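Spelled out, the chains give:
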Amino acid sequence: MHNNRWLSLPALALVAGTAAAQTAESSRQSKLTIDQLIQIKHPSGHQWTPDGSHVWFSYDDGGVNNVWTVAADGNGPPIALTNYPEGQTGEGGFWSRDGRTFFFQKNGGLLAVSVKGGAPHPAWQSATSARGFSLSPDGARVAFLVGQRRGGVNSTDGATGAGSRATATPQSGTGIELIVHTIATNTDEKVAHADGNIDGISWSPDGWRVAFVSSAVNGASDLIVVNVRDDVQTVVGRAGLVP
């Protein structure tokens, strides 16, 4: 006995209609609008926190980057550390060595935010209006600059020649101050002063000495190393002098 393999016209119409409806629905679900595509977040620039407990990264949300973090074991959703409409990248940012606090530069100062999120706040009082933040290799201290160059007479900070040693005599109110902040104790120490400018801050591997270039208002410049333990400066190079 042969089975009838032909379907009636009404049955064919029903099958065709069902297939068309499924295709249309699938098409609607698979299509993304331009706005939806723009809103998709793209993580990039991922790095570890110093304690290895979290990974932090930037999320590109429609062309606006902000900094996020997530537990490395996947236990919990990503957390936004910054949420600025104009965006905030992680460039120039750094972590406390216990991995609990993220520091980043914003609006002419340094802000801090917990790894658990929350509202960013000034890292410490003297960091609210400062620049050139540089973390020591051991993560214990931060060197930075405050003040503005003076338009008056040149000052040599007490140093008289290459290889000479002089105790740093920080001044206040005029010129540029080089300050070292200890994170654990929340204390500042002024280690150098220049009437012109200070730049090129660089830490020694042991985290106890800072090298920098001190420029006078007349254009003269010195390469100086300061030991932050005893505030002793050594001029190791001077413009125009070749060892």
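Regarding the pairing of strand β2 (residues 54-61)
Point 1. Across the eight residues of β2, six count as buried, placing the element largely inside the fold.
Point 2. Taken together, strand β1 (residues 42-48) and the strand that follows it, β2, pair antiparallel across an intervening segment of five residues, in which G52 is found at a positive phi of about 75°.
Point 3. The pairing of β2 with strand β3 (residues 64-71) spans eight bridges and is antiparallel. Bridge pairing links Y59 to N66 in β3.
Point 4. Connecting β2 to the antiparallel partner β3 that follows it, the hairpin turn spans two residues, and G62 within it adopts a positive phi of roughly 65°.

Things to note about the environment of S214
Point 1. Here S214 lies in strand β15 (residues 209-215).
Point 2. Considered as a pair, S214 and R238 are 24 residues apart in the sequence and their alpha carbons are 9.6 Å apart.

Brief notes about the pattern of salt bridges
Point 1. Throughout the structure, instances matching the rule amount to five salt bridges.
Point 2. The partner of R141 in a salt bridge is D138, with the nearest N and O atoms 3.0 Å apart.
Point 3. On the basis of relative accessible area, D138 is assigned to the partly exposed category, the value being 29%.
Point 4. Put simply, D206 and R209 hold a salt bridge, and the shortest N to O gap is 3.9 Å.
Point 5. For D206, a relative accessible area of 39% translates into the label partly exposed.
Point 6. Take R209: its relative accessible area is 38%, and that puts it in the partly exposed class.

Quick notes on the sheet that holds β2
Point 1. In space, the four strands of this open sheet follow the order β1-β2-β3-β4, with antiparallel pairing throughout. The strands lining the two open edges of the sheet, one partner per strand, are β1 and β4 (79-80).
Point 2. Pairing of β1 with β2, which is carried by five bridges, proceeds in the antiparallel orientation. Of the residues in β2, the one forming a bridge with Q47 is W56.

Brief notes about the confidence of the model for the protein
Point 1. Mean pLDDT for the protein: 78, with 71% of residues reaching 70 or above.
Point 2. For residues 23-29, every residue scores under 50 in pLDDT, and the model assigns this stretch zero contacts once sequence neighbours within four places are set aside.

Concerning the sheet that holds strand β8 (residues 121-122)
Point 1. Taken in spatial order, the four strands make up an open sheet running β5-β6-β7-β8, and their pairing is antiparallel. Since the sheet does not close on itself, it has two edges, and those belong to β5 (94-95) and β8, each with one partner.
Point 2. Alignment of strand β7 (residues 109-114) against β8, held across two bridges, turns out to be antiparallel. Of the residues in β8, the one forming a bridge with L111 is P122.

Thresholds, definitions, all that
All chains use their own residue numbering, which begins from 1 and follows the written sequence. Two thresholds apply to this predicted model, a pLDDT of at least 70 for residue-level local features and 80 or more for giving and counting side-chain atom pairs, whereas whole-chain, interface and lining totals are computed over all residues. With hydrogens and water excluded, all non-hydrogen atoms of the structure serve as input to the side-chain values. Classification of residues uses two cut-offs on accessible area relative to the type maximum, computed with a 1.4 Å probe and protein chains only: under 20% is buried, over 50% is exposed, and between them is partly exposed. The numbering of helices and of strands both runs from the N terminus, where a helix is a DSSP run of H or I of at least 4 residues and a strand a run of E of at least 2. Strand pairing follows a simple DSSP-based rule, namely that at least 2 bridges must link the two strands. Whenever Lys or Arg places a side-chain nitrogen within 4 Å of a carboxyl oxygen from Asp or Glu, that contact is recorded as a salt bridge. pLDDT runs from 0 to 100 and stands for how confident the predictor is about each residue. In what follows, a contact means two residues having at least one pair of non-hydrogen atoms within 4.5 Å.

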